[in-house]
Structures are given as C-alpha cells and as structure tokens.
Amino acid sequence: MQYISSDRRGYKTKTNIIYSVKDNAFIHCDFLVVNSQKLVYRIYIKNYNYDDIFWKVMQMPTNSKKSNSLRASGAFKAPSILLKKGEVDLTDKYDEQAEYLLGLVDECSHNFMEKYDIDEYIIDYEDGMDEEVLKCLAYINMNNIEEAKKIAQESINNGNRGNYENGGKAFLIGY
C-alpha cells in the first residue's frame, strides 16, 4: 500500500527508502520497522548534482547513468543534510501511516527549500559528520573551485581525508 501512495505523490521506493527529485533537490527518507512496533525514519536532502560531482571525483562517473535509487541507497554516494529523524508507533492502519510519513517528507523538504538554498545552507550552517565533503560539493556546485580546494587542503592538513575512499583515493585528496 505504501508503494501506491508514494507513487501518487511522485516518490519512488526501494527497500526501506523513498526518494524523489524536486527542482534541483534530491529528497530521500530511510525507514526501518523495529520489532513490528515502531517505524524509525530519517529524512534527508541534497542537491541532485552532488552525486555526479562526488562520483566524478571518486572516479566512478558511470554511476551517474544508473537509477536514482543509487543516490539514496548506494554505498558510494554524496552525503546529505539530515532534515528530521524520529519514530512512530506502528498500528494496523498501514495506509494512514504511509501517508503520514510521505506527508512528513513533503512538509520537511518543502519548508527547507522555501527557507534555504541547499548550497548556502551547507556553507553557512552544516556541521555534521561529512561537513568538509558537503562544503566542497556545495562550492563545486556553485562553481567556486578555489574555495573547494581551500577546504579540502585545510581538511587534509588537519588529518581528515574524508570518509570516502575508492581505489586508495580519498574524496578530499581526490579533489
């Protein structure tokens, strides 16, 4: 039933993930049912281009041609901004709960996009685990290559190569 309601709202589904592209934003939500009692979720957003940039730096450009689900669930994908996480108790009203979750994803992403530009938000406010990688992606996306290089170099100087590595090459070093 969730697949029906997610499709109607413009979302695609893959095991435990719903995702959509709205304007230049890629919105995705991971969810997990715990002990058939709780639905735990995390709602994310990123610029659609971030994965293309990320894969180019990581020398995986063919990933850009694959399904959009890879942008949400791939082992090597650009990091995202966490918009909201939470949990709800499960009931036997699955359709209502699917609609609730989709409505929450819509509301969170809409409110964020109405208030912020994704690149500017990352540069001004982001302080998560992948902060440097996200800031590099934002600056590259804004065509400010010098600032991206500066952040990458400062991170490397501080011993941070980025949390992503392919063929012995780390993201921040690859850039």
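Above this text you will find the structure in question.
Criteria and cut-off values
- Residues numbered from 1 in each chain as written.
- Predicted model: local features only at pLDDT ≥ 70, side-chain atom pairs only at ≥ 80, totals over all residues.
- Heavy atoms only, no water.
- Helix = DSSP H or I, 4+ residues; strand = E, 2+ residues; numbered from the N terminus.
- Axes fitted to C-alpha atoms, helices over the stretch in contact; angles between N-to-C directions.
- Parallel < 35°, antiparallel > 145°, perpendicular 65-115°, else oblique.
- Left-handed = near helix turned anticlockwise from the far one by under 90°.
- Contact = heavy atoms within 4.5 Å.
- Nonpolar A, V, L, I, M, F, W, Y, C, P; charged D, E, K, R; others polar.
- 1 Å grid on protein atoms, 1.4 Å probe; cavity = no way out; pocket = protein on both sides within 12 Å on 5 of 7 lines; lining within 4 Å.
- Points joined across faces, edges and corners; volume = space filled by probe spheres on them.
- Salt bridge = Lys/Arg side-chain N within 4 Å of Asp/Glu carboxyl O.
- Pairing = 2+ DSSP bridges.
- Core = buried A, V, L, I, M, F, W, Y, C linked by side-chain atoms within 4.5 Å.
- Buried < 20%, exposed > 50% of the residue type's maximum accessible area, 1.4 Å probe, protein only.

1. A closer look at unusual backbone geometry
For Asp23, which is not a glycine, the phi torsion comes out positive at approximately 55°. Checked against the element boundaries, Asp23 lands in the loop between β2 (17-22) and β3 (25-34). Positive phi, normally seen in glycine, also occurs at Ser36, with a value near 55°. Inspection of the secondary structure assignment puts Ser36 in the loop between β3 and β4 (38-47).

2. Here's the deal with the packing of helix α6 (residues 131-141) against helix α7 (residues 145-157)
It is at 7 Å that the axes of α6 and α7 come closest, and there the two elements cross at 165°. By the criterion of interaxial angle, the relationship of α6 to α7 is roughly antiparallel. Considering the relative orientation of α6 and α7, their crossing is left-handed. Residues Glu132, Lys135, Cys136, Tyr139 and Ile140 of α6 lie in contact with α7, whose contacting residues are Ile145, Glu147, Ala148, Ile151, Ala152 and Ser155. In terms of residue class, the contact of α6 with α7 is built from 7 nonpolar, 1 polar and 3 charged.

3. So, the layout of surface pockets
For the largest pocket, the calculated volume is near 360 Å³. What lines the largest pocket is a set of 20 residues, among which Tyr44, Lys77, Pro79, Ser80 and Asp130 lie closest to the centre. Elements with a contribution of two residues or more to the lining of the largest pocket: β3, β4 and α3 (69-73). Of the residues assigned to the lining of the largest pocket, the class counts are 10 nonpolar, 5 polar and 5 charged.

4. Examining the pattern of salt bridges
All told, the structure shown has 9 salt bridges when counted by the stated rule. Here Lys22 and Asp106 are joined by a salt bridge, their closest N and O atoms 2.7 Å apart. With Lys22 in strand β2 and Asp106 in helix α4 (residues 94-115), this residue pair connects regions lying 84 residues apart in the sequence. In this structure, Arg71 engages Asp52 in a salt bridge whose closest nitrogen and oxygen atoms are separated by 2.9 Å. Here Arg71, found in helix α3, pairs with Asp52, found in helix α2 (residues 49-57); they are 19 residues apart in sequence, far enough to count as distant. The network of salt bridges with shared partners includes Lys46, Asp51, Asp52 and Arg71.

5. Thoughts on the sheet that holds β4
Pairing in this open sheet of 5 strands is antiparallel, and the strands run β1-β2-β3-β4-β5 from one edge to the other. The open sheet terminates on both sides in strands that have one partner only, identified here as β1 (12-14) and β5 (81-89). For this sheet the average axis-to-axis angle between neighbouring strands, irrespective of direction, equals 20°. In this structure, β2 lies alongside β3, joined through 6 bridges in antiparallel fashion. Bridge pairing links Val21 to Phe26 in β3. Across the sheet, helix α5 (residues 118-125) lies against β3, β4 and β5, angled at about 100° from β4, the strand it touches most.

6. Quick notes on the nonpolar core
Residues Tyr50 and Ile118 are the most contacted members of the largest nonpolar core, which totals 39 residues. Elements represented by at least two residues in this core include exactly β3, β4, α2, β5, α4, α5, α6 and α7. Here this core gets 7 residues from one element, more than from any other, and that element is α6. Ignoring anything within four residues of it in the chain, the contact list for Tyr50 reads Ala78, Ile118, Asp119, Ile122, Leu134, Leu137, Ala138 and Asn141.

Bear in mind that shape data such as this cannot, by itself, settle questions of function.
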